[in-house]
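Residue-level structure breakdown
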Amino acid sequence: MLKIVRHVLLPGIMPLLFLVIAATPVDTLGCRNRGLLALAISFISGIAALATVIKALIIQRSGVESAIWWIFSTLILSVPVIAMIVLA
């Protein structure tokens, strides 16, 4: 249960936050602020995805089988980056 929380639910906050900001009306946050927030979230998520894939590669080389959980985290964290590219 702890691995699901650590590797699926916590990284899942970033795509959820990105989608909430992308779905808010322009009148609420303004166009520029909304875009800057979405850009910041996707940038932070992309850096975190790079960090988790590096961690997965290091763990996989040591022979531990928990590297797949870090790959799941990477896939989840890459969703805002892909969404930013698609929406832009």
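Only a predicted model underlies this, so the values are computations on that prediction, with no experimental measurement involved.

1. Here we look at the packing of aromatic side chains
- Per the stated rule, a full pass over the model turns up one aromatic pair.
- Between Trp-69 and Phe-72, the aromatic rings sit 5.9 Å apart at their centres with planes inclined by 80°, giving edge-to-face as the arrangement. Separated by three residues within a single helix, Trp-69 and Phe-72 lie in helix α5 (residues 67-77), roughly one turn from each other.
- Among the residues examined, Phe-72 registers a relative accessible area of 38% and is labelled partly exposed.

2. A closer look at the confidence of the model for the chain
- Averaged over the chain, the pLDDT score is 92; the fraction of residues at 70 or greater is 100%.
- Across the chain, the element-wise mean pLDDT spans from 87 in helix α1 (residues 2-9) up to 95 in helix α4 (residues 31-62).

3. What about the packing of α5 against helix α6 (residues 79-87)?
- Here α5 crosses α6 at 25°, and the two axes come no closer than 4 Å. Relative to α6, the element α5 is oriented roughly parallel. Contact residues: α5 offers Leu-75, Ile-76 and Leu-77, while α6 offers Val-79, Pro-80 and Val-81.
- Taken together, the residues of the contact of α5 with α6 break down into six nonpolar, no polar and no charged.

Conventions and cut-offs
Residues numbered from 1 in each chain as written. Predicted model: local features only at pLDDT ≥ 70, side-chain atom pairs only at ≥ 80, totals over all residues. Heavy atoms only, no water. Phe/Tyr/Trp six-rings, centres within 6.5 Å; stacked < 30°, edge-to-face > 60°. Helix = DSSP H or I, 4+ residues; strand = E, 2+ residues; numbered from the N terminus. Buried < 20%, exposed > 50% of the residue type's maximum accessible area, 1.4 Å probe, protein only. pLDDT = per-residue confidence, 0-100. Axes fitted to C-alpha atoms, helices over the stretch in contact; angles between N-to-C directions. Parallel < 35°, antiparallel > 145°, perpendicular 65-115°, else oblique. Contact = heavy atoms within 4.5 Å. Nonpolar A, V, L, I, M, F, W, Y, C, P; charged D, E, K, R; others polar.

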